[in-house]
Amino acid sequence: MESNFIDYVKIYCRSGRGGRGSAHLHRAKYQPKGGPDGGNGGRGGHVILRGNRNYWTLLHLRYDRHIRAGHGGNGSKCKSTGRKGEDRYIDVPCGTVVYNADTGAYICDVTDHGQEVILLHGGRGGLGNFNFATPTNQAPRYAQPGEPMQELAVILELKLLADVGLVGFPNAGKSTLVNAMSSAKPKIGNYPFTTLEPSLGIVPYRDGRSFVIADIPGIIEGASEGRGLGLRFLRHIERNSLLLFMVPADTDDIRKEYEILLNELRQFNPELLDKGRILAITKCDLLGMDDELIDMLKENLPTDLPVVFISAVAQQGLQQLKDLLWQEMNSESNKIASINTIDTVVHRDKDFSHLSEYIDDDDEGWGDDYPADDDDIEYIDEEDFEDLEDFEYED
């Protein structure tokens, strides 16, 4: 059964071409030589990305992968400008990053609700012959063709926006914690890799305040080399201001497991180590934790980050964890390190060859949907025109 959570999708976009200008000469009963009055062609439609907080996945684009804007209308007599081509909007979840599918080059990032980014510009319409009339050339019989359309294949990559990201091995209790602290209901099971897709939960806090926590599939040692599922989803915590590492209390060596997780983050993106970190020792109810045992465990724990002992099943230590998370998120050091976390993310060019199993890469038939018609015939010009930048007319 296919998952409803789609965070990678490849789509093909085509803007509209500009309409051609008219080379019409005015004729009237009492004005046999009225002169040129051919209008300008209309602008082709843009392809525009628009952030929409009502979407949380790219599923709606999985089955609508050909995005085509409208063509601009041709100019006509009486200096009439052709109609503008219809713009095509692509609604995407906030946190969507766009890359060129052919080169892997970063294009843009949509992070805010209502934010609009023009992905492909429509072609400008050609100038009508009335623009070229001069005292020495009073009846030009030529006009400009419109600018051609643009085509581009892009990869849309979703990165969930959350305040706290959970990092841990499979079956470390991440989904149980999200279930206990929020109203989200991720799948829970007593076996590894229960979580197969990321999920978000809104955690209520004191005085009506709240924060968002992100759960991703567990990562394993060697994830940076392609093992397991977690590395594919680690990008969802790139924008979190705080990382919560989770290690079960019955682990043989808590410090070693934490170091393995830290190393996998370092291999994925070294900048993740600049974020605030908290270590949560989970499943404490299994060992019947008391103060003496906690003190013994603390002797072998990292000293460079806060540590909290919790049990999501027994509802132990959760309020203490919430207080610590809120305190760390609002600490001055964390604010300085994560000022506008979204804008400070460094976007690198990417190679998407390893994602063939996640991205439908069927290019067959691309471009075949546009057979030539009368409007596709380029208007024949009598001479080379000056560049369109030399003319100013209404867009």
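Before reading further, recall that the structure is shown in the block above.
What counts and what doesn't
In this numbering scheme, every chain counts its residues from 1 along its sequence in written order. Only residues with pLDDT of at least 70 are given local features in this predicted model, and only at 80 or more are side-chain atom pairs given and counted; all residues enter the totals for whole chains, interfaces and linings. In computing side-chain properties, one takes all heavy atoms of the structure into account and sets aside hydrogens as well as water. Helix and strand assignments follow DSSP, with helices taken as H or I runs no shorter than four residues and strands as E runs no shorter than two, numbered in order from the N terminus. Burial here depends on accessible area, computed with a 1.4 Å probe over protein chains only, as a share of the maximum for the residue type. Under 20% is buried, over 50% is exposed, and the range in between is partly exposed. Two residues qualify as a contact provided that any one of their heavy atoms is within 4.5 Å of a heavy atom in the partner residue. For the area figures, the Shrake-Rupley method with a 1.4 Å probe applies, and any residue is considered shielded solely by the protein chains shown. In this text, buried Ala, Val, Leu, Ile, Met, Phe, Trp, Tyr and Cys residues form a nonpolar core when linked through side-chain atoms within 4.5 Å. Any two strands with at least two DSSP-identified bridges between them are counted as paired. An expected span of 1.5 Å times one less than the residue number is assigned to each helix. The rule is short: rings of Phe, Tyr and Trp, with Trp giving its six-membered ring, pair when the centres are within 6.5 Å, and they are stacked under 30 degrees, edge-to-face over 60, tilted in between. Axis definition: a line fitted to C-alpha atoms, over the contacting stretch in the case of helices. Angles run 0 to 180 degrees between N-to-C directions. Here, a salt bridge means any side-chain nitrogen of Lys or Arg that lies within 4 Å of a carboxyl oxygen of Asp or Glu.

### Concerning the overall build of the protein
Part 1 of the argument: Across its full length, the protein carries eight helices and 14 strands.
Part 2 of the argument: When the 395 residues of the protein are sorted by exposure, 49% land in the buried category.
Part 3 of the argument: Counted over contacts in the protein with a minimum sequence separation of 6, partners at least 24 positions apart contribute 75%.
Part 4 of the argument: Carbon and sulfur atoms make up 46% of the accessible area of the protein, which amounts to about 20,100 Å² in all.

### Section: the nonpolar core
Part 1 of the argument: In this structure, V167, I237, F245, L261, L265, L279 and I281 are the most contacted members of the largest nonpolar core, which totals 24 residues.
Part 2 of the argument: Residue assignment for this core shows that the elements contributing at least two residues are β12 (242–248), α4 (254–268) and β13 (276–282).
Part 3 of the argument: The biggest single contributor to this core is α4, with six residues.
Part 4 of the argument: Beyond its immediate sequence surroundings of up to four residues, L261 is in contact with V167, G168, F169, I219, F245, M246 and V247.

### Re the pairing of strand β10 (residues 199–204)
Part 1 of the argument: Here β10 shows one buried face, formed by S199, G201 and V203, and one open face, formed by L200, I202 and P204.
Part 2 of the argument: The pairing of β10 with strand β11 (residues 210–215) spans six bridges and is antiparallel. Residue pairing for β11: S199 is matched across the bridge by D215.
Part 3 of the argument: As consecutive antiparallel partners, β10 and β11 are separated by five residues, and within that stretch D207 has a phi angle of approximately 55°, a positive value.

### Side note on the environment of P248
Part 1 of the argument: As for its placement among the helices and strands, P248 is situated in strand β12.
Part 2 of the argument: With 79 residues separating them along the chain, P248 and F169 place their C-alpha atoms 9.2 Å apart.
Part 3 of the argument: Not counting residues up to four positions away in its chain, the partners in contact with P248 are N171, A172, I254, E257, I281, T282 and K283.

### Topic: α4
Part 1 of the argument: The terminal C-alpha atoms of α4, which comprises 15 residues, lie 22 Å apart, in line with the 21 Å expected from a rise of 1.5 Å per residue.
Part 2 of the argument: Looking at α4, one finds that the buried residues are I254, E257, Y258, I260, L261, L262, E264 and L265.

### Digging into the pairing of strand β2 (residues 47–51)
Part 1 of the argument: The element β2 is largely enclosed, with a buried count of four among its five residues.
Part 2 of the argument: In this sheet, strand β7 (residues 116–120) lies alongside β2 in antiparallel orientation, the contact comprising four bridges. Bridge pairing in β7 places V47 opposite L120.

### Comments concerning helix α6 (residues 318–329)
Part 1 of the argument: The end-to-end C-alpha distance of α6 is 16 Å, a good match for the 16 Å that 12 residues give at a rise of 1.5 Å each.
Part 2 of the argument: All buried positions along α6 are accounted for by L318, L321, K322, L324, L325, W326, E328 and M329.

### Re the packing of aromatic side chains
Part 1 of the argument: All chains considered together, the criterion is met by five aromatic pairs.
Part 2 of the argument: Judged by centre distance (6.0 Å) and plane angle (70°), the rings of Y99 and Y106 are edge-to-face.
Part 3 of the argument: Their ring planes at 45° and their centres at 6.3 Å tell us that F211 and W326 sit as a pair that is tilted. Within this pair, whereas F211 is found in strand β11, its partner W326 is found in helix α6, the two being separated by 115 residues in sequence. With respect to class, F211 is no different from W326; both count as buried.

### Remarks on the sheet that holds β11
Part 1 of the argument: Taken together, six strands build an open sheet; the order of strands is β10-β11-β9-β12-β13-β14 and the sheet is mixed. One side of each edge strand has no neighbouring strand; the edge strands of this open sheet are β10 and β14 (307–309). Between one strand and the next, the sheet's axes are offset by a mean angle of 30°, whatever the strand orientation.
Part 2 of the argument: As defined by bridge partners, strand β9 (residues 164–168) adjoins β11 across two bridges and the pair is classed as parallel.

### Topic: the pattern of salt bridges
Part 1 of the argument: Per the stated rule, a full pass over the model turns up six salt bridges.
Part 2 of the argument: A salt bridge links D91 to R50; its shortest N-O distance comes to 2.7 Å. You can see D91 sitting in strand β4 (residues 88–92) and its partner R50 sitting in strand β2, a full 41 residues away along the chain.
Part 3 of the argument: A salt bridge links D323 to R206, with the shortest nitrogen-to-oxygen separation between them at 2.9 Å.

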